[in-house]
Structure formats: C-alpha cells, structure tokens
Amino acid sequence: MRAVMNATMLRIRRHRPDRNPLRRRSDRLESAGLVVAVLLVLISVWPAVLAGRITYEGGLRNARVGPGFRQQVTATLLREPRSVRAAFGESAASTVPARWTTPAGVVRTGRISAPAGTRAGQSVPLWIDHEGDPTTPPPSRTDIVLRGVGMALFTLLLAMLLVAGLLAALLRLLDRRRYAEWDAAWIRADDRWRRPRRP
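Scoring rules and cut-offs
- Residues numbered from 1 in each chain as written.
- Predicted model: local features only at pLDDT ≥ 70, side-chain atom pairs only at ≥ 80, totals over all residues.
- Heavy atoms only, no water.
- Helix = DSSP H or I, 4+ residues; strand = E, 2+ residues; numbered from the N terminus.
- Expected span 1.5 Å × (residues − 1).
- Buried < 20%, exposed > 50% of the residue type's maximum accessible area, 1.4 Å probe, protein only.
- Contact = heavy atoms within 4.5 Å.
- Pairing = 2+ DSSP bridges.
- Axes fitted to C-alpha atoms, helices over the stretch in contact; angles between N-to-C directions.
- Salt bridge = Lys/Arg side-chain N within 4 Å of Asp/Glu carboxyl O.
- Patch = residues over 30% accessible without salt bridge, like charges linked within 9 Å, V, L, I, M, F, W, Y side chains within 5 Å.
- Areas by Shrake-Rupley, 256 points an atom, 1.4 Å probe, with all protein chains shown as cover.
- Phe/Tyr/Trp six-rings, centres within 6.5 Å; stacked < 30°, edge-to-face > 60°.

Caption draft 1: Fine view of helix α4 (residues 141–193). Under the 1.5 Å per step criterion, the end-to-end length of α4 is 76 Å for 53 residues, consistent within 8% with the ideal 78 Å. Those residues of α4 that fall on the buried side of the exposure criterion are Ile144, Gly148, Ala152, Ala159, Val163, Leu167, Leu174, Arg178 and Ala189. Structurally, α4 contributes buried residues whose contacts are with α2 (25–43) and α3 (45–62).

Caption draft 2: Expanded view of the sheet that holds strand β1 (residues 71–77). Across the sheet, which stays open at both edges, the four strands sit in the order β5-β4-β1-β6 with antiparallel pairing between neighbours. Edge positions in the sheet fall to β5 (107–114) and β6 (123–128), since each has one partner strand and no second. For this sheet, the mean inter-axis angle between neighbouring strands, taken without regard to orientation, is 45 degrees.

Caption draft 3: Fine view of the side chain of Ser44. Assignment of secondary structure puts Ser44 in the loop between α2 and α3. Given a relative accessible area of 9%, Ser44 falls into the buried group. In contact with Ser44, other than residues within four places in its own chain, are Leu156 and Ala159.

Caption draft 4: Fine view of the environment of Val45. Summarising the element assignment, Val45 is placed in helix α3. Overall, Val45 belongs to the partly exposed group, its relative accessible area being 38%. Measuring from C-alpha to C-alpha, the distance between Val45 and Ala152 comes to 8.4 Å, with 107 residues separating the pair along the chain.

Caption draft 5: Spatial organisation of the side chain of Thr102. Structurally, Thr102 is set in the loop between β4 (94–101) and β5. For Thr102, a relative accessible area of 11% translates into the label buried. Residues contacting Thr102, with those up to four places away along its chain left out, are Arg108, Ile128 and Gly132.

Caption draft 6: Representation of the pattern of salt bridges. Under the definition given, this model contains five salt bridges. Between Arg108 and Asp133 there is a salt bridge, with the nearest N and O atoms lying 2.5 Å from each other. Taken together, the residues Arg108 in strand β5 and Asp133 in the loop between β6 and α4 connect sequence positions 25 residues apart. Residue Arg108 is classed as partly exposed on the basis of its relative accessible area, which comes to 25%.

Caption draft 7: A look at a nonpolar patch on the surface. A contiguous nonpolar surface patch, about 650 Å² in accessible area, is contributed by Val35, Val36, Val38, Leu39, Leu40, Leu42 and Ile43. Checked against the element boundaries, Val38 lands in helix α2.

Caption draft 8: Spotlight on the packing of aromatic side chains. In the structure shown here, the tally under the stated rule is one aromatic pair. Between Trp182 and Trp186, the ring centres sit 6.1 Å apart and the planes meet at 80 degrees, which makes this aromatic pair edge-to-face. Of this pair, Trp182 and Trp186 both sit in helix α4, four residues apart, roughly one helical turn.

Caption draft 9: Main features of the environment of Pro115. Inspection of the secondary structure assignment puts Pro115 in the loop between β5 and β6. When the C-alpha atoms of Pro115 and Pro81 are compared, they prove to be 7.8 Å apart, with 34 residues separating the residues in sequence.

This is how it looks when you write it as structure tokens:
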C-alpha cells in the first residue's frame, strides 16, 4: 500500500505547477492537458445523468397503462398451439389464432403467442396497444431504472474514452516534440564539445 501511495505522490509531484528550470514547455503542456482531461471527465457527468434521466422518463412513458396506452385484455384461443420442442425437452410458446375484445368493444382476431399446454377455447391474458393490436407487456420499474442507469454509465464511459483518446493524441504529439528537442540539444552539444582535430 505504501508503494502505491509513493508512486501516486511521485506522479502528482511530476505534474504539479512549479518554477523548476528543468521543466520544459512540453512538460507544462502535458500537465495542463491532464488537468483539462480530468475537468472534462467531471463535466461529462452532467450529460451522462441527463441521458440516463431522459431514458428513464421515456421508459416511464412507454410503460403507461390505461386508455390511450397499452391495456390488458383476455383473449380466447381459437386453436390449440402446436407443441414446439425447445432445448432439453421443454416446450416453447407458439403463435395461434385468437379472438379478443378491445376496451372500446371492438372484436379483433389475430395471431398471439400462447404458452405450451393451453387448449382451444382457453382464455389467456393479452396486452394490446391503443389501436387494439397485440403488443409487449409494459416493462417493470426495475427494468426502467436499469436502462436509465445503463444509459448514464454508457454515456460517461463514452465521454471518458473520447477524453482518453484526445489526451493520448496530445501526449504523443508532445513526445514527438520532446524527442525533436532532445535531438537538437544533442547536436548543439556535439558541436560545442567537439574539439577540432589537428593534422
């Protein structure tokens, strides 16, 4: 633990602002880039929360039940579902023709998904949309919350990856400049220290 703390403090000390004459302009630019990267990641928390909230509120709107939205009715199966074999001998649901009455009193027929083992004439619950067509059941509150949290985390992760990519590009550019400055300094030192050879 102490080694980790020492390494962290050494890294922080390397980028702290000071008047060290050995610190080059590229070193200062690298430190400024790291500060800007941390600030951008912190600022990206707000859009991530906003994206999560929009997803959550959209899920709540999609889950509304009642007139004008999805409603649950009872459908009567007109035929027995075929037994469909699934893995390990289990029976899966299949689609069969059925009849149901909308809340407005309109009788509709169509194919719906019926669980295995049901018989013709049996009633099964069915979710319909505002037009009376079969639809999926409303998502649970847990699903809506998980989708909102997932969208917030995805947005934050995307922002962090974008910032990390920009920071990596900056560091690579600064490293190239450092190497060029280092080569130029060695050439100058070589010219200064070279002694002319006597014939």
